[in-house]
Amino acid sequence: MSSRPIRTRFAPSPTGSLHIGGLRTALFNWMFARQHGGQFILRIEDTDQKRFDPTALQTLIEALRWCGLSWDEGPEVGGALGPYVQSERLAHYHRWANWLIDQGKAYKCFCTPERLEQVNREKAARKEPPGYDRFCRSLTPEQIAEKEARGEKYVVRFKMPLEGQTIVHDLIRGDVAFENHTIQDMVLLKSDGFPTYHLAVVVDDHLMEITHVMRAVEWLPSFPLHVQIWQAFGWQMPQFAHLPVILNPNGKGKLSKRNPPRDKHGHVIPVFVHDYMQAGYLPEALDNFLANIGWNFGDNREVFAIAEAIERFDLGRINPANSTFPTEKLDWLNGEHIRRLSATDLAQRLRPLLAAAGLAVNDATLMQVVPVVQTRLKVLNDVVDLAGFLFRDPAAFAAPAADILIQKKLDAATTRRLLEESIRLIETGSAFDHASLHEAFKALAETLAVSNSALFGTLRVAVSAQAISTPTFETMEILGRDETLRRLRLALPVVS
RNA sequence: GCCCCAUUCGUCUAGCGGUACAGGACAUCGCCCUCUCAAGGCGGAAACAGGAGUUCGAGUCUCCUAUGGGGCACCA
């Protein structure tokens, strides 16, 4: 086995936003490289001009960086074996395609798309599998010269062996055998001069000295083709691992933007990394989550930092079976990671969200709010609904409606009395921290012969104007004595 | 239609011939805690797709069937 330094790559095509499944592929390649002290390369496969999206590269880079991935070579960072964008590497593909033709391992095909369609129609009528009939494979040099002289456009096709089988080795599944005659003479170079994936991936992985390729199982069927191309070139192959795909939780097929997946409550499950960024998921949680699909930490540990996972990562322990996107687990994991954050760290992540919601974020208040919301957030954005009222202009505060103010088993008159007694207590009391308030109001509930639930709930809603909110006394402490009193008084007319 | 891959609780998974009346997690249900919502604690229910083999012994190996998935482009 070779002792080449480990080099892996992630090679997306810039056709849109980064897909969550793509991120997992990137993550595994990156973890593997980091584990072995090797290099991770980002390569852009923009050989399909029809699907090219000029904004995709920036979006992609942003998403990868947000997740904590870093590449040693690629766009933005350069490298000795670049360029790392395939559209800038056309000369390489032409050179090696021509080399294959010279060696008799590939040929020019002048068949028009119309003829190809015709061939497939006829094959379909005869109930044969679709595919090119290899018409141009047997063209004479004279015929070829003639067509070229006439300026006919051509593609370059690979001369697939017609007999025997190709045995490929996958790190996850072991050896897999394919009959050569079932594999077509695939196009290597398109008539527009751009390579197809099949040519570009082999040439680039070789030139960039890639040692390990982790890619989606979708590629397994074309793996024997790639092996044949590698052998035609006589180059040393990387090792391959075909990663299981993530399936749509409700419907059929793999997770994709068409056929939007939905969870059991009917909510759409996002498929783009950017959706998760915007929804208030932590990159730590997303990485943890993705590393847990098809691979596991071991020791029955579900929650871990990606740095820990890198130490333990093991290609041989990847589960070969596809898996359904376990969306509820991500929510749980996100909560776990939120709870593991330090107060200042959480505050920093919350600040921009509150600001974006149009709230005036005061740092002192924020630091008081953080410990109160930390166990209550599923996603960061939840903070706006839960505790946004603590940052709103007091002048804009409106007393709650009676239906949420009046607690279960209470009526308006009793509620009013609870409020009045509470106001009196606060006016005469001294300490205004939540622990002292809690004690004082427990005593009040007892003297008034009402449950804690009734009294505390009334106060909480009076002061927050929300049915669901931060706890009563912490909320009061954050609001301060004056504002608390003001809000309790504002609630009186509601129950008069 | 043809080729390939896969198949353990609802879901993500552990298991790599005997230590297993199959372990963990999410979700779910019950109880506790509790001012709402969470968090936390305790407990319950819940799986080897089916059938043949191989073997003293099979969740683990082989084959068949079924089911799921992927591929069959001048897309990646």
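Criteria and cut-off values
Residues numbered from 1 in each chain as written. Chains lettered and ligands numbered in written order. Predicted model: local features only at pLDDT ≥ 70, side-chain atom pairs only at ≥ 80, totals over all residues. Heavy atoms only, no water. Helix = DSSP H or I, 4+ residues; strand = E, 2+ residues; numbered from the N terminus. Rg over C-alpha atoms; globule rule 2.2 N^0.38 Å. Buried < 20%, exposed > 50% of the residue type's maximum accessible area, 1.4 Å probe, protein only. Areas by Shrake-Rupley, 256 points an atom, 1.4 Å probe, with all protein chains shown as cover. Lys, Arg positive; Asp, Glu negative; His and termini not counted. Charge placed at Lys NZ, Arg CZ, Asp CG, Glu CD. Axes fitted to C-alpha atoms, helices over the stretch in contact; angles between N-to-C directions. Parallel < 35°, antiparallel > 145°, perpendicular 65-115°, else oblique. Contact = heavy atoms within 4.5 Å. Nonpolar A, V, L, I, M, F, W, Y, C, P; charged D, E, K, R; others polar. Pairing = 2+ DSSP bridges. pLDDT = per-residue confidence, 0-100. Core = buried A, V, L, I, M, F, W, Y, C linked by side-chain atoms within 4.5 Å.

Take the overall build of chain A next. Along its length, chain A carries 20 helices and 11 strands. Taking 496 residues into account, the globule formula puts the C-alpha radius of gyration at 23 Å, and chain A, at 32 Å, lies well above it. Dimensions of chain A, computed from C-alpha atoms along their principal axes, come out at roughly 105 × 50 × 35 Å. When the 496 residues of chain A are sorted by exposure, 48% land in the buried category. Summed over all atoms, the accessible surface of chain A reaches about 23300 Å², with 52% contributed by carbon and sulfur. For chain A, the centre of its 56 positive side-chain charges and the centre of its 58 negative side-chain charges are spaced 4 Å apart.

Packed helices, taken two at a time, are described by their axes: the angle between them and the distance between them. Where helix α16 (residues 412-428) contacts helix α18 (residues 452-464), the axes come no closer than 10 Å and their chain directions differ by 80 degrees. With respect to each other, α16 and α18 are oriented roughly perpendicular. Across the interface between the two elements, T415, L418, L419 and S422 from α16 touch A454, L455, T458, L459 and A462 from α18. Residues belonging to the contact of α16 with α18 are distributed by class as follows: six nonpolar, three polar and no charged.

So, about the sheet that holds strand β7 (residues 187-189). Sheet strands line up and pair through hydrogen bonds in the backbone, either parallel or antiparallel. A sheet is described by the order of its strands in space; here three strands give the open sequence β3-β4-β7, paired in antiparallel fashion. The open sheet has two edge strands, β3 (106-109) and β7, and neither has a second partner. Across this sheet, the average inter-strand angle for adjacent strands is 45 degrees, counted without regard to direction. Across two bridges, strand β4 (residues 155-158) lies against β7 in antiparallel orientation. Looking at the pairing, V156 lines up with L189 of β7.

Here chain A averages 95 in pLDDT, while 99% of its residues score no lower than 70. At the level of chain-chain contacts, confidence expressed as ipTM amounts to 0.95, with global pTM at 0.95.

Glancing now at the nonpolar core. One recurring pattern in soluble globular proteins is that nonpolar side chains are buried together. Counting 55 residues, the largest nonpolar core has L27, F28, M31, L64, L286 and W295 as the members making the most contacts within it. Of all the secondary-structure elements, those providing two or more residues to this core are α1 (20-35), β2 (39-42), α2 (56-66), β9 (239-243), α8 (273-278), α9 (283-291), α10 (306-312) and α11 (327-340). With nine residues, the top contributor of residues to this core is α1. Ignoring anything within four residues of it in the chain, the contact list for L64 reads F10, L18, L23, A26, L42, L69 and W71. In terms of nonpolar packing, the next biggest core, distinct from the first, is built from 51 residues, A347, L405, V450 and L485 among them.

Remark: a regular strand shows side chains that alternate across the two faces of the sheet. Relative to strand β6 (residues 174-179), strand β5 (residues 165-170) is paired through six bridges, and the arrangement is antiparallel. Paired with H169 across the strands is D175, a residue of β6. Counting the residues in the hairpin turn of β5 and β6 gives three residues.

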